[in-house]
Amino acid sequence: MTVRGSVLLCLAAVIALLLPWRVADAAHLELDVALDPSQRTVSGTALLKFSEAERPMFALAADAIVERATVGSRPVRFDRTVADGRAFFRVPPDVQGRNISVVYRLTLAPLDLARDHRSVLEALPAMADEQGSFLPSGSGWYPEPQTDFSYAVSVSVPGAQRAIVPGRLTSESTREGVYRARFQFDQPAAGIDLMAGPFVVRERQTRIGDRDVRLRTYFAPDLGDTLSDDYLSAVDRYLRLYSAWIGPYPYDEFSVVSGPLPTGFGMPTLTYLGAQVIRLPFIRDTSLGHEVLHNWWGNGVYPDYARGNWAEGLTTFMADYAYKEQAGESAAREMRHGWLRDHAALPAGQDRPLTAFTSRTHSASAAVGYGKAAMLFYMVREQIGAEAFDRAIRTFYRDHLFKRASWADLEAAFSKEFSQPLGPVFNAWITRTGAPHVAIASAVAKPEPTGRGWNLRLLLSQGTPAYPLTVPVAVTTATGQEVLRVPLSTARDAATIRVTDQPLAVVVDPDFQLWRELDAVEAPPIVREAIAAHDPVIVNLEGSPDFGRAAEAVGKALLEQPARMTSALPADAPVAVLVGTPARLEPVLAKYHLGARPEEVRGRGTAQVWTVRKEQQTVLVISARDADSLAALARALPHLGSQSWAVFEGPRPIARGVWRAEAVRVPVRLSGENGPMHPALILREGLSWSSAA
Ligand SMILES: [Zn+2]
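Note that the structure is predicted; figures quoted are calculated from it, not measured. (Residues numbered from 1 in each chain as written. Predicted model: local features only at pLDDT ≥ 70, side-chain atom pairs only at ≥ 80, totals over all residues. Heavy atoms only, no water.)

> Can you explain the overall build of the chain? Please cite residues and give values.
Summing up its helical and strand segments, the chain has 14 helices and 40 strands in all. Relative to its length of 693 residues, the chain is compact, with a C-alpha radius of gyration of 28 Å against a globular reference of 26 Å. A principal-axis box enclosing the C-alpha atoms of the chain has dimensions of 95 × 70 × 50 Å. Across the 693 residues of the chain, 58% fall into the buried class. Contacts spanning at least 24 positions in sequence make up 70% of the contacts within the chain whose residues lie at least 6 apart. The average position of the 72 basic charges and that of the 75 acidic charges among the side chains of the chain differ by 1 Å. (Helix = DSSP H or I, 4+ residues; strand = E, 2+ residues; numbered from the N terminus. Rg over C-alpha atoms; globule rule 2.2 N^0.38 Å. Buried < 20%, exposed > 50% of the residue type's maximum accessible area, 1.4 Å probe, protein only. Contact = heavy atoms within 4.5 Å. Lys, Arg positive; Asp, Glu negative; His and termini not counted. Charge placed at Lys NZ, Arg CZ, Asp CG, Glu CD.)

Given below as structure tokens:
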């Protein structure tokens, strides 16, 4: 496997941002287009019907040729303005009529396979090629209403090409070497993405609840039957899971479409995945379920983007995280720890409140929009119980399907099931940045006068402004461990808890069940710190131009901000990437006191990557055999943000892991023992999980 983790991006979220969302004014589009991938041309006719509410307007690529445009049946000279490569056509104010017909053609951009996973997050142009075409919404490949609209699209492609847009397939045929398919989408949509390629189409009909659902794969021929079968079965399984858990699947189809770009997008009724992504065995078990679930959250109930996108967090919680819970508590705990660690890796000032999250564009938005939001749903479920949580989810879905909903609507649904207002809880977590720093300032035990059990007095603190918390506290006694929950809603508070056996030590939130600031020992350095660095520095130890170019290329692929190139490690840089061959690195590691090459990576692969934290500085060390071995890291290393170290054989990571985290363990004093506790008494103890290789 070459990449892991967050390879999938959610276009569902991105599309909706492009346009204002005015469901009440939904327009309708009838589109009939021919796509010729070898010539890179699109031509066709669009019929747009607008409601009475506003002046009709549509957008089309600025270089498209409009052969005829009429209102009613009368040719009209539209008011035309150009912005960001698109032309906006408005019906002149003196012209009556709500029905517009446009005959047009345009030439598309060639396929750009050099795009990496980050650049496909940005707005893509419509690209055509015989090995795969992708015409995204908002790129101007068809006359696009500037309000929501329902649509019917007929598309034809030549030869072995097949094409698909989101929606219900109402007819398809192949005549005289031309494939033609018609799709209908009755809900208000913000735009249409068209995908085409030399697909082999495989289909399975299934019945989910009282609905017949058509499952399809549109795969490049070399992906094969077995993989297609596996995907159809996995999609079937996810549709059943979420229909039973949330409510009926809101569409009649689901398709998995392969493409040549190294990424994945979720859209209503389908997911579009790079062929190399489809081949990765773990995608079916994780990201596919996430994309299927977006048909409930995102493309079923629409987030109110202006007030914050909750759909990524809820999808992450009910897909990625739910699968970890199925795998076991230690996997689930590791994911929660990962969310907190990713947040801890953000440079100062990068954090944003959840109300400001719209879609993933960089590490900071992902840490908040996915991790923090998922943790909020976890904390709400802990507070109100799983049954009440699921009832609230079902009611929320039923009441808001095909409508826009906000965090406030979710909060109302949970509050109703809990029979108590959860407003303060939601407000604290969605409107603020940062996280509480929860600590135990002192722990004092006293035996019960009766001789049965012990009273343990804890002084807890969390800083200001205070969050409404229920803090899990693990108490180690002479005979074992008990986890108790202690309410804390002020900056500092004392609580007395009863334990059966003599308490010896306490640990705050040992299983990462709270959104909180990790202590430095709980957050080992990870690659993400370099990725998200505000002002990164690349220290290149080699003199050869090849090596320098490779170092720059890896830096460009890995880092979100442009890096300064230097040859010596600046002491004041919070994050630096140190790059060299093993021979050059050894003396430099010693010179800067960065420790020896870790055992986990020593003597393995063609390149080794590891993180070192030294006081206030995090150094990402990249040791490569030669320039080629270094350049080979550009594709996969950016996907290893949550790791502390990795070993590569060419472009392929063959081992990876996270440095062992430690818990902050506070010893319990016996009542009457002397003095305030000295910080040196805070012992550090390894937590019991291993770094995954
Ligand atoms: Zn998503």
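> Hey, could you go over the pairing of strand 33 (residues 575-580) for me, with residue numbers and the actual values?
Successive side chains on a regular strand alternate, one facing one side of the sheet and the next facing the other. Burial of strand 33 is extensive: 6 of the 6 residues sit out of reach of the surface. Neither face of strand 33 is left uncovered, since the one carrying Val-575, Val-577 and Val-579 and the one carrying Ala-576, Leu-578 and Gly-580 both have all their residues buried. As paired elements, strand 31 (residues 537-540) and strand 33 share 4 bridges and run parallel to each other. Considered in strand 33, the bridge of Asn-540 is made with Val-579. (Pairing = 2+ DSSP bridges.)

> How would you explain the sheet that holds strand 21 (residues 264-267) if you had to name every residue and give the values?
Judged by pairing direction, the sheet is mixed, and its 5 strands sit side by side in the order 18-19-20-22-21 without closing on themselves. Of all strands in the sheet, those with a lone pairing partner are strand 18 (200-208) and strand 21, marking the two edges. Shown here is a sheet whose adjacent strand axes are inclined to one another by a mean of 10°, direction ignored. Bridge count for strand 19 (residues 211-219) against strand 20 (residues 253-259) is 5 bridges, and the pairing is parallel. Paired with Leu-215 across the bridge in strand 20 is Phe-254. Strand contacts of helix 2 (residues 224-245): strand 18, strand 19, strand 20 and strand 22 (270-274), with the helix running at about 25° to strand 18, the strand carrying the most contacts. (Axes fitted to C-alpha atoms, helices over the stretch in contact; angles between N-to-C directions.)

> An account of the sheet that holds strand 4 (residues 65-71) is needed here, citing residue identities and associated values.
Strand order in the open sheet made by the 8 strands is 5-4-8-2-1-13-16-15, with mixed pairing throughout. Only two strands of the sheet have a single partner each, and these edge strands are strand 5 (74-75) and strand 15 (168-175). Note that strand 13 (residues 149-158) and strand 16 (residues 178-189) share 9 bridges and pair antiparallel. The residue of strand 16 that forms the bridge with Phe-149 is Ala-189.

> Tell me about the packing of aromatic side chains, and please be specific about residues and values.
Applying the stated criterion across every chain yields a total of 35 aromatic pairs. Here the aromatic rings of Tyr-238 and Tyr-323 are separated by 5.7 Å at their centres, their planes lie at 40°, and the arrangement is tilted. With Tyr-238 in helix 2 and Tyr-323 in helix 5 (residues 311-327), this residue pair connects regions lying 85 residues apart in the sequence. Take Tyr-238 and Tyr-323: they sit in the same class, and that class is buried. (Phe/Tyr/Trp six-rings, centres within 6.5 Å; stacked < 30°, edge-to-face > 60°.)

> Lay out helix 2 in plain terms, naming residues and giving numbers.
With 22 residues, helix 2 should reach 32 Å at 1.5 Å per residue; the first-to-last C-alpha distance of 32 Å fits that figure. Of the positions making up helix 2, those classed as buried are Leu-227, Ser-228, Tyr-231, Leu-232, Ala-234, Val-235, Asp-236, Tyr-238, Leu-239, Tyr-242 and Ser-243. Two residues or fewer after helix 2 comes Gly-247, characterised by a positive phi angle close to 155°. (Expected span 1.5 Å × (residues − 1).)

> Describe the pattern of salt bridges, naming the residues involved and giving the relevant values.
Scanning the model with the defined rule gives 33 salt bridges in all. As a salt-bridge pair, Asp-236 and Arg-240 come within 2.9 Å of each other at their nearest N and O atoms. Of this pair, Asp-236 and Arg-240 both sit in helix 2, 4 residues apart, roughly one helical turn. Accessibility expressed as a relative area gives 12% for Asp-236, which makes it buried. Salt-bridge contacts for Glu-586 lead to Arg-597; the nearest nitrogen and oxygen are separated by 2.9 Å. Taken together, the positions of Glu-586 in helix 13 (residues 582-591) and Arg-597 in the loop between helix 13 and strand 34 (607-614) put the pair 11 residues apart, joining distant regions of the chain. A residue is classified by how much of its surface remains accessible, and Arg-597, at 8% relative accessible area, is buried. (Salt bridge = Lys/Arg side-chain N within 4 Å of Asp/Glu carboxyl O.)

> Could you give me a rundown of the nonpolar core, with the residues and numbers involved?
Formed by 165 residues in total, the largest nonpolar core has its most connected members in Trp-297 and Phe-414. Considering each element in turn, this core owes the most residues, 10 residues, to helix 7 (residues 363-384). Once you skip the residues sitting within four places of it in the chain, Trp-297 turns out to touch Ile-246, Trp-310, Ala-311, Leu-314, Thr-315, Met-318, Ile-393, Phe-396 and Tyr-397. Membership of the second largest hydrophobic core comes to 27 residues, among which are Val-527, Ala-530, Phe-547 and Ala-636. (Core = buried A, V, L, I, M, F, W, Y, C linked by side-chain atoms within 4.5 Å.)

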